[in-house]
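# Remarks on the overall topology
In case you want the letters, here they are:
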Amino acid sequence: MRTTVGIIGAGPAGLLLARLLHNAGIDSVVLETRDRAYVEQRQRAGILEQGTVDVLREAGAAARMDREGIGHDGIELRFDRRRHRVDFPALTGGRSVMVYAQTEVCKDLIALQLAAGGPLLFEAEALAVEGAETQSPRVRFRHQGREDVLACDYVVGCDGSWGVARKAVPADVSRVFERTYPFGWLGILADVPPSHDELVYARHDRGFALLSMRSPTVTRAYLQVPAGTDAADWGDEEIWDELDRRLETDDPAWTLKRGPITSKSVTPMRSHVHEPMRHGRVFLAGDAAHIVPPTGAKGLNLAVGDVVTFARALAEYRETGSDARLEAYSETCLRRVWQAERFSYAMTTMLHRAPEATPFDDRIQLAQLDRIASSRSADADLAESYTGFPLD
Ligand code: FAD
Ligand code: DHB
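Owing to the predicted nature of the structure, the values given are computational and were not obtained by experimental measurement. (Residues numbered from 1 in each chain as written. Chains lettered and ligands numbered in written order. Predicted model: local features only at pLDDT ≥ 70, side-chain atom pairs only at ≥ 80, totals over all residues.)

## Considering the overall build of the protein
Regarding its fold elements, the protein presents 12 helices and 19 strands. Compactness check: the protein gives a C-alpha radius of gyration of 21 Å against a globular reference of 21 Å for 392 residues, within 12% of the reference. Overall, the protein is about 65 × 40 × 40 Å in size when its C-alpha atoms are taken along their principal axes. Evaluated residue by residue, the protein yields a buried proportion of 43% over its 392 residues. (Helix = DSSP H or I, 4+ residues; strand = E, 2+ residues; numbered from the N terminus. Rg over C-alpha atoms; globule rule 2.2 N^0.38 Å. Buried ≥ 20, exposed ≤ 12 C-beta atoms within 10 Å, placed from the backbone.)

## Topic: the pairing of strand β1 (residues 2-8)
Burial within β1 is extensive, with five of its seven residues counted as buried. As paired strands, β1 and strand β11 (residues 146-157) are joined by six bridges and run parallel to one another. Looking at β11, one finds that Ile8 is bridged to Gly157. Pairing analysis gives four bridges linking β1 to strand β2 (residues 28-31), with the strands arranged parallel. (Pairing = 2+ DSSP bridges.)

## Let's talk about the site of ligand 1
Neighbouring residues of ligand 1: 36 residues in total, closest Gly9, Gly11, Gly160, Gly286 and Gly299. Of all the elements in the fold, those that place two or more residues in the shell around ligand 1 are α1 (12-23), β9 (124-130), β12 (175-190) and α8 (299-320). Residue contributions to the shell around ligand 1 peak at four residues, all from α8. Of the residues assigned to the shell around ligand 1, the class counts are 16 nonpolar, 13 polar and seven charged. (Near = placed C-beta within 6 Å. Nonpolar A, V, L, I, M, F, W, Y, C, P; charged D, E, K, R; others polar.)

## Observations regarding the sheet that holds strand β13 (residues 199-203)
If you walk across this open sheet you meet the eight strands as β6-β5-β13-β14-β15-β12-β16-β19, and the pairing is mixed. Whereas interior strands pair on both sides, the edge strands pair on one side only; in this sheet they are β6 (82-87) and β19 (290-291). As defined by bridge partners, β13 adjoins strand β14 (residues 209-215) across three bridges and the pair is classed as antiparallel. Directly across from Ala202, in β14, lies its bridge partner Ala209. On top of the sheet, helix α7 (residues 236-246) reaches β12, β13, β14, β15 (218-226) and β16 (261-275); it is set at about 85° to β15, its chief contact. (Contact = placed C-beta atoms within 7 Å. Axes fitted to C-alpha atoms, helices over the stretch in contact; angles between N-to-C directions.)

## Focus on the sheet that holds strand β3 (residues 47-49)
With antiparallel pairing, three strands are arranged side by side in an open sheet as β3-β7-β4. Each of the sheet's edge strands pairs with one partner strand only, and the pair in question is β3 and β4 (70-72). For this sheet, the mean inter-axis angle between neighbouring strands, taken without regard to orientation, is 30°. Where β4 meets strand β7 (residues 97-99), three bridges bridge the pair, whose relative direction is antiparallel.

## Observations regarding the UniProt feature "domain: FAD-binding" (unreviewed entry) in the protein
In the numbering used here, UniProt assigns the "domain: FAD-binding" (unreviewed entry) feature to residues 2-344. With 31% helix and 34% strand, the stretch residues 2-344 has end C-alpha atoms that lie 39 Å from each other. (UniProt positions renumbered as here; feature names shortened; annotations may be inferred.)

## Describing the pairing of strand β5 (residues 74-79)
Strand direction decides the pairing type here: β5 and β6, joined by six bridges, are antiparallel. For Phe79, the partnering residue across the bridge sits in β6 and is Arg82. What sits between the antiparallel neighbours β5 and β6 is a turn of two residues, in which Asp80 has the positive phi angle 55°. In this structure, β5 lies alongside β13, joined through five bridges in parallel fashion. In the strand pairing of β13, Glu76 is matched with Val200.

## Some thoughts on the nonpolar core
Residues Leu17, Val156, Ala285, Val307 and Phe310 are the most contacted members of the largest nonpolar core, which totals 108 residues. When residues in this core are grouped by element, the largest group, 10 residues, is from α8. Ignoring anything within four residues of it in the chain, the contact list for Phe310 reads Leu17, Val156, Phe283, Ala285 and Tyr329. (Core = buried A, V, L, I, M, F, W, Y, C linked by C-beta atoms within 7 Å.)

## Side note on the packing of α8 against helix α10 (residues 329-351)
It is at 10 Å that the axes of α8 and α10 come closest, and there the two elements cross at 165°. Regarding the angle of α8 to α10, the classification is roughly antiparallel. Handedness of the crossing formed by α8 with α10: right-handed. Of the residues in α10, those in contact with Leu302, Gly305, Asp306, Thr309, Phe310 and Ala313 of α8 are Tyr329, Thr332, Cys333, Arg336, Val337 and Ala340. Partitioning the contact of α8 with α10 into residue classes produces seven nonpolar, three polar and two charged. (Parallel < 35°, antiparallel > 145°, perpendicular 65-115°, else oblique. Left-handed = near helix turned anticlockwise from the far one by under 90°.)

In structure tokens form, the structure reads like this:
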């Protein structure tokens, strides 16, 4: 099998890349180790930055998002029983975000790819990437019980944090920057309308809580829990009671709506960057190259930024013969990646209570939040970072 761009992984990064390349007249093959149902149901991100929304529209993949997505012009911060709303358009010159689940983005992109696009093979596991330093790198993979080889001009590893593409970068060239946090998120989906019309990020002495949504009838919420927690250890009423406590305010008008919980899982939290993001003709994109803790809602959006950068660079090379943008891929992406790492780390440390936190640490967190609530420039800094960093 032969193609111009071999894409490993059909998460948001790989699927969007296939779409962008198809639109630019460049052929690709996507290899995905899981089956279609698994990829379409894996619960993850929920917030699309303005730039991601724009890219999906330009790619012709936004028809359902524009019907069913929910535009959000702000978030609420809760701390010390107070409420502060961050008004995105007012603070950023008109930018906002959209609530539209990653599962739905993936379903839309899969449908487009299968209707008009290059091959997308499910249950096709990439085993190794070879020949990164040659003109024709190869992906060895297993599909329907048989081993095969995909010969490519370029390979893009969109295979997430446990993928194989990263191994194509020799150990003496790779650098890894990492931080793990002593807590994770217990995430739930519940069949109950959201209790607030925007997302609520709460800092509480008992730990962080986040109130989000998936639709006008489905609530998504998260609780900070100790690393290693088993979701089954939490009873449904216990989860609602804890959300109630951590979201408390002095405003008697606000109440938490409870309903049947339909899914429960725990996500560990870490920051991780693999440099460089390119070796020869093998490129890394999305979680294959970097992980952020979810507090800033940046992971999916960063993945989108990487594949847009690659697709534009390759299109430019084919149109003009200049490979300057392809050569600069890693540097270009990493600038944005480190801004997202910085923001996600800052949001995480400001809003979560570390097990070893002292009363001094608590006061510093409250002072940071009070600063955002009382200074327009601090408020605007958060709004700019949350709504997204520019693509180029
Ligand atoms: P993935 O989605 O991980 O896709 C990689 C794909 O590669 C998978 O389908 C995998 O099966 C496949 N694969 C792996 N190995 C192989 C192989 N050897 N061969 C073939 N295929 C392979 N981000 C946001 O922007 N906003 C949010 O609000 C947000 N919230 C989140 C909440 C939670 C609870 C979690 C866990 C994450 C959240 N994220 C959020 C992060 C976001 O989900 C990820 O950053 C995003 O999925 C990255 O996309 P990706 O395509 O790079 O990787
Ligand atoms: C969601 C996830 C996030 O990480 C976040 O910061 C906001 C919302 C969500 O899944 O809805």
